[in-house]
Every structure is written in C-alpha cells, then in structure tokens.
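So you can see what is in the structure, the chains are spelled out below.
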Amino acid sequence: MDDDFCKERARTVRMLAEQADPIIKKRLLQLADHYERRVVIRPENTDRDRTDQQAKDADR
C-alpha cells in the first residue's frame, strides 16, 4: 500500500470513529493508528538505511 492510501484510510477511519459507540470507536482509532504507523515506518527503507550506515561506518 502506498502512503497516500494509508493516510486517506486513516482519515476516513477517524471520521467513522467520531460517530461510533465507545467500544467501536476505540477499535477504529486503533485501526487508524495502524494505518498511520505504516506511513511512518518503511520496512524496505529501514534495511537499506541500516546497510548504508554500515557501509559508512566501514569507511571510517
């Protein structure tokens, strides 16, 4: 999923949560947080960044 999709889905889920009963609201907000974390954390970049850092450290 791309960042735009995740951001839009999180926004939509938060809007739904505003109208939901307390139990469903809690679950919807957790789901929105999940989508937002997917935007912040980029696993494919994390490995690449770690490799880049190791290469820089080896050059020193």
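Summary of the structure given here. (Residues numbered from 1 in each chain as written. Predicted model: local features only at pLDDT ≥ 70, side-chain atom pairs only at ≥ 80, totals over all residues. Heavy atoms only, no water.)

1. A closer look at the pattern of salt bridges
In step 1: Scanning the entire structure with this criterion turns up 3 salt bridges.
In step 2: Notably, a salt bridge pairs Glu8 with Arg11, separated by 2.5 Å at the nearest N-O pair. With Glu8 and Arg11 both in helix 1 (residues 3-19), this residue pair falls 3 residues apart, about one helical turn.
In step 3: Here Arg14 makes a salt bridge to Glu36, at a shortest N to O gap of 3.0 Å. Remark: Glu36 occurs in helix 2 (residues 22-40) and Arg14 occurs in helix 1; sequence separation between them is 22 residues.
In step 4: Taking relative accessible area as the criterion, Arg14 reaches 27% and is therefore assigned partly exposed.
In step 5: Given the relative accessible area of 33%, Glu36 is considered partly exposed.
In step 6: Through salt bridges with shared partners, a single ionic network connects Arg14, Asp33 and Glu36. (Salt bridge = Lys/Arg side-chain N within 4 Å of Asp/Glu carboxyl O. Helix = DSSP H or I, 4+ residues; strand = E, 2+ residues; numbered from the N terminus. Buried < 20%, exposed > 50% of the residue type's maximum accessible area, 1.4 Å probe, protein only.)

2. Some thoughts on the nonpolar core
In step 1: The biggest cluster of nonpolar side chains holds 8 residues, and these are Cys6, Ala10, Val13, Ala17, Leu28, Ala32, Tyr35 and Val39.
In step 2: Secondary-structure elements contributing two or more residues to this core are helix 1 and helix 2.
In step 3: If we skip the residues at most four places from it in the chain, Ala17 touches Lys25, Leu28 and Leu29. (Core = buried A, V, L, I, M, F, W, Y, C linked by side-chain atoms within 4.5 Å. Contact = heavy atoms within 4.5 Å.)

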